[in-house]
2 protein chains.
Amino acid sequence: MKCRVCREPAIIDIRRHNANFCADHFLRLCRDQVTKAIEAFSMITPDERCLVAVSGGKDSLAVWDILLDLGYQADGLYLGLGIGDYSDESGRYAREFAAQRGATLVEISLPDAYGFDIPNGSRAAKRKPCSACGLSKRHLFDQAALEGGYDVVATGHNLDDEAAVLFGNVLHWQTEYLGRQLPVLPARDGFPRKIKPLVRLGEREMAAYCVVKGIDYIVDECPMAKGNKHIGYKEALTAIEATSAGAKHSFYFGFLDRASARFQAEAEADQADLTPCTECGSPTSTEVCAFCRLVTRAGGRLPDGDHDTRLDAWFGDHVHPDPVVDGAFAGDPDDRDDPDPDPADHEPVLVDLAPTRRSPKDARP
Amino acid sequence: MKCRVCREPAIIDIRRHNANFCADHFLRLCRDQVTKAIEAFSMITPDERCLVAVSGGKDSLAVWDILLDLGYQADGLYLGLGIGDYSDESGRYAREFAAQRGATLVEISLPDAYGFDIPNGSRAAKRKPCSACGLSKRHLFDQAALEGGYDVVATGHNLDDEAAVLFGNVLHWQTEYLGRQLPVLPARDGFPRKIKPLVRLGEREMAAYCVVKGIDYIVDECPMAKGNKHIGYKEALTAIEATSAGAKHSFYFGFLDRASARFQAEAEADQADLTPCTECGSPTSTEVCAFCRLVTRAGGRLPDGDHDTRLDAWFGDHVHPDPVVDGAFAGDPDDRDDPDPDPADHEPVLVDLAPTRRSPKDARP
């Protein structure tokens, strides 16, 4: 098995590329694929400030690492979710990486700042843990980027993630989610742009990237995610990829090329009529936004109002001198009532059994 | 486990209905679901003549049985494909069923009439067996219905089939196939309407239907279908259905309700510019239609021209006194160059490796 580029011994084969790579050329491949994604979707420019959503897993550490290697201004934000040992350990990996790279890591603790953790909070709020967690992350990453004066929030979603989310959205034909499942969500009404620079790279490649680069990361899946439908969607697509190399890539990029635009009008209509949350000022289609409702139901402490002073404290001197907005926001599609693009809460469809009228034979004499 | 309707002991549970049924009420459920599909999609009226595409498997025998029970005028057409013992056995089941029900079964032998069988013909034509078979079936069922004066061709595609085909089309975002994946393809330019009355019933239900009704059918999958991607798509969806009862139903009917129309303009555009095949008169986008090209490459005998006298012979006195068309047809979407909605021929997608330009760091001094 030889490297496609230099013919030296290869360390990884990538079937959908029909190619093998040595360590050096594999790392270059990863950077090149990120560069390609960034350019194809106009994700970020070198003079913009980027906040990377860091979980301590392979994807978020790899995307942070690659953005830094490519010369982008990228700080990390780690959100402590209070999921026992899992959170302790994942936070440690995030801190270790930041220290090694000399990069800036901001930390927010959900229990300390908002008075609830995901396991107990989701139970109290009668919400699936992954749903409560996703909602909290989106809300707090947005808020933090805003307060910190960042132009862009980057997440570590890879091709496997995006293909699995797309599969879930297609299985349920969630047309408004389909309309905004893009590698870039543009900034609007003061909200930062959101980008997914790893969309051209698979899960297996990101694990290999971290191993080759000597980046330690939390290997275990989050214990709360057990039985999450998203994992089932990933497994289904992985089984198909095993016999059809490139299936995930053509599913996701085929969607972007040939189907996505057909759903966008709906996604935009869906974002109309948002007003500021009466608790925190975030845009919402109801009086109180989904995050503040979660906090209340979870028995936590609500944000301090339009300007969340706790976020000021976390960012300290990272706060941008000219904040992108100050106070009222409107229009972030991710902060709707049920903003989770992975509809994990679906109940079985109970199919109506009754015929609408009798058969022709019954109607005959 | 009690019947939902009469509380007598149940013989089957249907998880997506969250209900169990005794034998009688299960049969009624099947008939009711067919009635509901027929009405919802205006498939057929009692005064129309229907030709059922019969393979000898559970689905085609069940749909024929149910259509007869509901009082529709339904004859069967069995196509001998020359797949060794499999074809011999499946033909026997079709004949036995017809004899038991006193129904009319027309038979066409591909080897006898066109001089090739699927195993050797597809090899000679360098075409996947399922692709050659599907193409031959569609062509000959259409032609036969036309010559026999039938208004409608009914096939035994069930919910599992349709969901799996949809999954394949969505995985590849085959937009023109998505635009015409409907439970009814309307008649056009003299071609019969095509209907799928079993779209509200699953594979397991159709097997149970045949068992309860005492209908013997060929249980084995076609030996040529081994490794067919369609089977992989079915397995993937079945794994999802196992944890989310109703997933297949909501995938397929959600598509029909909320997505299908978004692809229809393309499907229609795709059907423009068809001209009669110079060999057989069937509509085609090339000079010679896909079936006649297959026959030639497979080393078989071409049809006799615009009016296929072999079809007259098969139908004998079933030929309609006022044939729907006589000669030139145009516009059947199923007779295109590669009309198989299950794109089994897809090669691995080789993803372009080169970046479009250099990273910002590279561009710096």
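Not measured: the values here are computed from a predicted model.

*Asks:* So what exactly am I meant to see when it comes to the overall build of chain A here?
*Replies:* Looking only at helices and strands, one finds 15 helices and ten strands in chain A. Residues classed as buried in chain A amount to 60% of the 365 residues present. Intrachain contacts of chain A at a sequence separation of at least 6 include 74% that bridge at least 24 residues.

*Asks:* Explanation requested: the sheet that holds strand β5 (residues 105-109) of chain A in the structure shown.
*Replies:* Within a beta sheet, neighbouring strands are joined by backbone hydrogen bonds and run either parallel or antiparallel to one another. All names here are of chain A. Taken in spatial order, the six strands line up as β5-β4-β3-β6-β8-β7 in an open sheet, and their pairing is mixed. The open sheet has two edge strands, β5 and β7 (184-185), and neither has a second partner. Bridge count for strand β3 (residues 49-54) against strand β6 (residues 152-154) is three bridges, and the pairing is parallel. Within β6, the residue paired with Cys50 across the bridge is Val152. Each of β3, β4 (73-80), β5 and β6 is contacted by helix α2 (residues 58-69), which is oriented at about 160° to β3, the strand it contacts most.

*Asks:* When you look at helix α11 (residues 247-258) of chain A in this model, what are you seeing that I'm missing?
*Replies:* In an α-helix, one full turn covers 3.6 residues, which means residues spaced three or four apart are oriented alike. Across its twelve residues, α11(A) extends 15 Å between first and last C-alpha, which sits within 8% of the 16 Å expected from 1.5 Å per residue. With ten of twelve residues buried, α11(A) lies mostly within the body of the structure. For α11(A), the complete set of buried residues consists of Ala247(A), Lys248(A), His249(A), Ser250(A), Phe251(A), Tyr252(A), Phe253(A), Gly254(A), Phe255(A) and Leu256(A). Where α11(A) is buried, its residues touch α7 (159-171), α8 (175-178) and α10 (229-243) of chain A together with α7 (159-171) of chain B.

*Asks:* Explain the sheet that holds strand β4 (residues 73-80) of chain B to me, please; I cannot follow it from the model alone.
*Replies:* Residue and element names in this part refer to chain B. An order of β5-β4-β3-β6-β8-β7 is seen for the six strands of this open sheet, with the pairing classed as mixed. Strand pairing shows two members of the sheet lacking a second neighbour, β5 (105-109) and β7 (184-185), which therefore form its edges. In the sheet, β4 pairs with β5 via five bridges, with the strands oriented parallel. Bridging across to β5, Leu77 finds its partner in Val106. Contacts from helix α2 (residues 58-69) reach β3 (49-54), β4, β5 and β6 (152-154) within the one sheet, and its direction differs from that of β3 by about 160°. Sitting on the sheet, helix α6 (residues 129-147) is in contact with β3, β4, β5, β6 and β8 (193-195), with an inclination near 135° to β4.

*Asks:* Looking at this structure, how should I read helix α1 (residues 23-40) of chain B?
*Replies:* All names here are of chain B. If you check α1, its first and last C-alpha atoms are 26 Å apart, about what 18 residues at 1.5 Å a residue would give, namely 26 Å. With 13 of its 18 residues buried, α1 lies for the most part within the structure. Directly after α1, the chain includes Ser42, whose backbone phi takes a positive value near 45°.

*Asks:* Please explain unusual backbone geometry as it appears in this structure.
*Replies:* Of all residues except glycine, most have a negative phi; of all peptide bonds, most are trans. Residue and element names in this part refer to chain A. Positioned with a positive phi, Arg7 is a non-glycine residue whose angle comes to about 65°. Checked against the element boundaries, Arg7 lands in the segment before β1 (12-14). For Arg7, a relative accessible area of 51% puts it in the exposed group.

*Asks:* Whenever I open this one, the packing of helix α1 (residues 23-40) of chain A against α2(A) confuses me. Can you help?
*Replies:* Helix-helix packing is characterised by the crossing angle of the two axes and by the distance between the axes. Residues and elements named next belong to chain A. Where α1 meets α2, the closest approach of the two axes is 10 Å, and the angle between their N-to-C directions is 80°. In this view, α1 runs roughly perpendicular relative to α2, as classed from their interaxial angle. Along its contact with α1, which presents Cys30, Arg31, Val34 and Ile38, the element α2 presents Ile66, Leu67 and Asp69.

*Asks:* Could you clarify how one ought to interpret the side chain of Glu48(B) in this entry?
*Replies:* Residues and elements named next belong to chain B. Along the chain, Glu48 turns up in the loop between α1 and β3. A polar atom in the side chain of Glu48 sits 3.0 Å from the backbone nitrogen of Thr45. If we ignore the near neighbours within four places in the chain, the residues touching Glu48 are Met43, Gln73, Asp151, Val152 and Arg193.

*Asks:* I keep staring at the environment of Gly227(A) and nothing clicks. Help me out?
*Replies:* Here Gly227(A) shows up in the loop between α9 (203-213) and α10. A C-alpha to C-alpha distance of 24 Å links Gly227(A) and Leu110(A), two positions 117 residues apart in sequence.

*Asks:* Can you help me understand the packing of aromatic side chains in this one?
*Replies:* Any aromatic ring pair is given by two values, namely how distant the centres are and how the planes are angled relative to each other. Within the structure shown, the criterion is met by 15 aromatic pairs over all chains. Measuring from ring centre to ring centre gives 5.1 Å for Tyr252(A) and Phe253(A), while their planes differ by 80°; the resulting arrangement is edge-to-face. Both residues of the pair, Tyr252(A) and Phe253(A), belong to the buried class. With centroids separated by 5.4 Å and ring planes inclined at 50°, the aromatic side chains of Phe255(A) and Trp173(B) adopt a geometry described as tilted. With Phe255(A) in helix α11 and Trp173(B) in the loop between α7 and α8 (175-178), the pair connects residues from two separate chains. By relative accessible area, which is 0% here, Phe255(A) ends up buried. One aromatic cluster is present, built from ring pairs that chain together Phe167(A), Tyr233(A), Phe167(B) and Tyr233(B).

*Asks:* Can you help me understand the confidence of the model for chain A in this one?
*Replies:* Low pLDDT means the predicted coordinates in that region are not meant to be read closely. All names here are of chain A. Residues at a pLDDT of 70 or more form 82% of chain A, whose mean pLDDT is 83. Residue range residues 312-365 is modelled with pLDDT below 50. Its contacts to residues more than four positions away, or to other chains, number 156 contacts. With a pTM of 0.83, the predicted complex shows an ipTM of 0.81.

*Asks:* Help me understand the state of the cysteines in this model?
*Replies:* Here, the word disulfide means a covalent bond between the sulfur atoms of two cysteines. Across all of its chains, the model carries zero disulfides over all chains by this definition. Cysteine Cys50(B) shares no disulfide, and the gap to the nearest cysteine sulfur, in Cys210(B), comes to 17 Å.

*Asks:* Looking at this structure, how should I read the environment of Met224(B)?
*Replies:* Residue and element names in this part refer to chain B. Structurally, Met224 is set in the loop between α9 (203-213) and α10 (229-243). What makes Met224 partly exposed here is its relative accessible area of 24%. For Met224 and Ile118, which are 106 residues apart along the polypeptide, the C-alpha to C-alpha distance reads 8.7 Å. Met224 has contacts with Ile83, Pro119, Pro129 and Cys130, leaving out every residue within four places of it along the chain.

*Asks:* What am I meant to see in the nonpolar core here?
*Replies:* A general trend in soluble globular proteins is that nonpolar side chains are found buried together. Grouped together as the largest cluster of nonpolar side chains are 133 residues, with contacts concentrated most on Trp64(A), Trp173(A), Trp64(B) and Trp173(B). Among residues more than four places away in sequence, those in contact with Trp64(B) are Val52(B), Val54(B), Ala74(B), Asp75(B), Gly76(B), Ala94(B), Phe97(B), Ala98(B), Ala103(B), Thr104(B) and Leu105(B).

*Asks:* When you look at the pattern of salt bridges in this model, what are you seeing that I'm missing?
*Replies:* By the definition in use, this model includes 32 salt bridges over all chains. The partner of Arg262(B) in a salt bridge is Glu266(A), and the shortest N-O contact between them spans 2.8 Å. Placement of Arg262(B) in the loop between α11 (247-258) and α12 (264-269) and of Glu266(A) in helix α12 (residues 264-269) is noted, with the two residues assigned to different chains. Taking the relative accessible area as the measure of exposure, Arg262(B) reaches 23% and is therefore partly exposed. Looking at Glu266(A), the relative accessible area reads 31%, which means it is partly exposed. A salt bridge links Asp65(B) to Arg101(B), with the shortest nitrogen-to-oxygen separation between them at 2.7 Å. On the criterion of sequence distance, the pair formed by Asp65(B) in helix α2 and Arg101(B) in helix α3 (residues 84-101) is long-range, its members being 36 residues apart. Classification of Asp65(B) by relative accessible area gives buried; the value is 2%. Arg101(B) sits in the partly exposed class, given a relative accessible area of 32%. Connected through shared salt-bridge partners, Asp65(A), Asp69(A), Arg101(A) and Lys213(A) make up one network.

What counts and what doesn't
- Residues numbered from 1 in each chain as written.
- Chains lettered and ligands numbered in written order.
- Predicted model: local features only at pLDDT ≥ 70, side-chain atom pairs only at ≥ 80, totals over all residues.
- Heavy atoms only, no water.
- Helix = DSSP H or I, 4+ residues; strand = E, 2+ residues; numbered from the N terminus.
- Buried < 20%, exposed > 50% of the residue type's maximum accessible area, 1.4 Å probe, protein only.
- Contact = heavy atoms within 4.5 Å.
- Pairing = 2+ DSSP bridges.
- Axes fitted to C-alpha atoms, helices over the stretch in contact; angles between N-to-C directions.
- Expected span 1.5 Å × (residues − 1).
- Parallel < 35°, antiparallel > 145°, perpendicular 65-115°, else oblique.
- Polar contact = N/O pair within 3.5 Å; in protein donor to acceptor, adjacent residues only side chain to side chain.
- Phe/Tyr/Trp six-rings, centres within 6.5 Å; stacked < 30°, edge-to-face > 60°.
- pLDDT = per-residue confidence, 0-100.
- Disulfide = S-S within 2.5 Å.
- Core = buried A, V, L, I, M, F, W, Y, C linked by side-chain atoms within 4.5 Å.
- Salt bridge = Lys/Arg side-chain N within 4 Å of Asp/Glu carboxyl O.

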